[in-house]
Amino acid sequence: MTIGSYKPRTFNLSNLKGISDATLEMHFKLYEGYVKETNNLSDRISAFIQDGNVDQDEMPAYSELTRRLGFEYNGMVLHEYYFDNLKTCGGSGDPNNTSTFLKAAETSFGSYDIWKADFVGIGKMRGVGWAICYENPANGRISNHWITLHETGNVAGFNPILVMDVWEHAYLLDYKPAERPKYIEAFFSNIDWTTVEGRAKGGNVRRAGA
Ligand SMILES: [Fe+2]
C-alpha cells in the first residue's frame, strides 16, 4: 500500500428517519477530515522511519503521531461502517423473524430484546464514543462493546457488524445533547440489516492458532 493513500468514500445516503440530511452532510465532512489526517499522519510517521531507525530525540514526536494515528485511523474506518449500516429512506426497525442476526442474538444473549437492551444501554453510556456489536468470527457469537473516542475498546480480531456513532456531532443538529435516547431510536429505524448480516461470517473463520 502506498503510504497515506486513502481516498474518502462517498456515501449514497439521505432521507433518513429522524436524522436530517444536514446532519449527514456535516458528518460526511467530518469523516473526510479523518481520512485526510490518517494520510497526513501516515506520511509524517513514514518520514521518521525512512532512515531505518527512530532516533532517541525523535521518539517523543514519533510516539505522539503514532498514538494519534490510532485515533484518526479508527475514526475513518468506524465512520465507514456507520454510514454503510444505515439505509436511505430508513429501514424496517428491528430485523424480521427469519433474520440471521436475530438468531445470532438469541444464541448469544437469549433473545433479541436482551441483545437490544444491552446495545441501547451501551449507546446511552456517558462519554464520547461508539456502541459496536461485534461478531467473534471463530464461533459466530456476538457481543456489544463501548468504544471510547475511536480507538479504545475495539476487540482484536472481532468483526464489527453493527456500528453506532454516539458522539454528539452525530445528532446535535436534530436533538439536544440530553436527547441521545431519541437519536438511538432514530438510528434503529434506519439500520440496514442486510448490510449487518452480510458482514457476519457465521463462525466459519478459523483464527490463527485455533
Ligand atoms: Fe461521527
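What this report covers is the structure whose coordinates are included nearby. On a predicted model such as this, the values are computed, not experimentally measured, just so you know.

About the thresholds
Residues numbered from 1 in each chain as written. Predicted model: local features only at pLDDT ≥ 70, side-chain atom pairs only at ≥ 80, totals over all residues. Heavy atoms only, no water. Helix = DSSP H or I, 4+ residues; strand = E, 2+ residues; numbered from the N terminus. Rg over C-alpha atoms; globule rule 2.2 N^0.38 Å. Areas by Shrake-Rupley, 256 points an atom, 1.4 Å probe, with all protein chains shown as cover. Core = buried A, V, L, I, M, F, W, Y, C linked by side-chain atoms within 4.5 Å. Buried < 20%, exposed > 50% of the residue type's maximum accessible area, 1.4 Å probe, protein only. Contact = heavy atoms within 4.5 Å. Axes fitted to C-alpha atoms, helices over the stretch in contact; angles between N-to-C directions. Parallel < 35°, antiparallel > 145°, perpendicular 65-115°, else oblique. Nonpolar A, V, L, I, M, F, W, Y, C, P; charged D, E, K, R; others polar. Pairing = 2+ DSSP bridges. Phe/Tyr/Trp six-rings, centres within 6.5 Å; stacked < 30°, edge-to-face > 60°. Lys NZ or Arg CZ within 6 Å of the ring centre and 35° of its normal. Donors = N, O, S within 2.8 Å, 3.2 Å for Na, K, Ca; no water. Tetrahedral: all angles 85-135°; square planar, octahedral: opposite > 155°, others 65-115°. Salt bridge = Lys/Arg side-chain N within 4 Å of Asp/Glu carboxyl O.

This paragraph deals with the overall build of the protein. Looking only at helices and strands, the protein features six helices and three strands. When its helices and strands are written in sequence order, the protein yields α-α-α-α-β-β-β-α-α. For 210 residues, the compact-globule estimate of 2.2 N^0.38 gives 17 Å, and the C-alpha radius of gyration of the protein, at 19 Å, lies within 12% of that figure. Once the C-alpha set of the protein is aligned to its principal axes, its extents read approximately 60 × 45 × 30 Å. Counting every atom, the protein has about 10800 Å² of accessible surface; 53% of that belongs to carbon and sulfur.

Below, the discussion takes up the nonpolar core. Counting residues in hydrophobic clusters, the biggest one holds 48 residues, and the most contacted among them are Y82, F101, W115, Y183, F187 and F188. The residues touching F187, leaving out its near neighbours within four places in the chain, are I19, Y82, N85, L86, F119, L162, V163 and M164.

Okay, the packing of helix α3 (residues 100–109) against helix α4 (residues 112–123) next. The geometry of α3 relative to α4 is characterised by a closest axis approach of 7 Å and an angle of 85 degrees between their N-to-C directions. Taken together, the axes of α3 and α4 are roughly perpendicular relative to one another. Contacts from F101, L102, A105, E106 and F109 in α3 reach Y112, I114, W115 and D118 in α4. Across the contact of α3 with α4, the residue classes break down as seven nonpolar, no polar and two charged.

A separate point is the sheet that holds strand β1 (residues 129–135). Pairing in this open sheet of three strands is antiparallel, and the strands run β2-β1-β3 from one edge to the other. Where the open sheet ends on each side, the last strands, each with one partner, are β2 (142–148) and β3 (159–165). For this sheet, the mean angle separating the axes of adjacent strands, direction not counted, is 25 degrees. Here six bridges tie β1 to β3, and the two strands are oriented antiparallel to one another. Across the sheet, the residue bridging to Y134 is P160, located in β3. Lying on the sheet, α3 is in contact with β1, β2 and β3; it crosses β2 at an angle near 85 degrees.

Taken as a whole and assessed by the stated rule, the structure comprises 23 aromatic pairs. Ring plane angle 25 degrees and centroid distance 5.2 Å describe the contact between W115 and F119, whose orientation is recorded as stacked. Here F119 and W115 lie together in helix α4, a separation of four residues that amounts to about one turn. For the pair W115 and F119, a shared accessibility class is recorded, and that class is buried. The lysine or arginine in question, K116, covers the ring of F188, its NZ or CZ lying 4.6 Å from the ring centre.

Within the secondary structure, E72 sits in helix α2 (residues 59–84). For E72, the contacting residues outside a window of four places in its chain are G33, Y34, E37, T38 and L41.

Once that is clear, we can look at the coordination of the iron ion. Taken together, H27 (NE2), H79 (NE2), D165 (OD) and H169 (NE2) make up the full set of protein donors to the iron ion, lying 1.9 to 2.2 Å away. Relative to the metal, the four donor atoms surrounding the iron ion lie at angles of 88 to 137 degrees, and the coordination shape comes out irregular. Along the chain, the residues that donate to the iron ion are spaced as H-x51-H-x85-D-x3-H. Pair noted here: H79 is in helix α2 and H169 is in the loop between β3 and α5 (180–188), with a separation of 90 residues, a long-range link.

Glancing now at the pattern of salt bridges. Pairing between side chains of opposite charge can happen when their charged atoms approach one another. Inspection of the entire model under this criterion finds five salt bridges. A salt bridge links R68 to E37, with the shortest nitrogen-to-oxygen separation between them at 3.8 Å. Linking R68 in helix α2 with E37 in helix α1 (residues 21–49), this pair joins segments that are 31 residues apart in sequence. By relative accessible area, which is 32% here, R68 ends up partly exposed.

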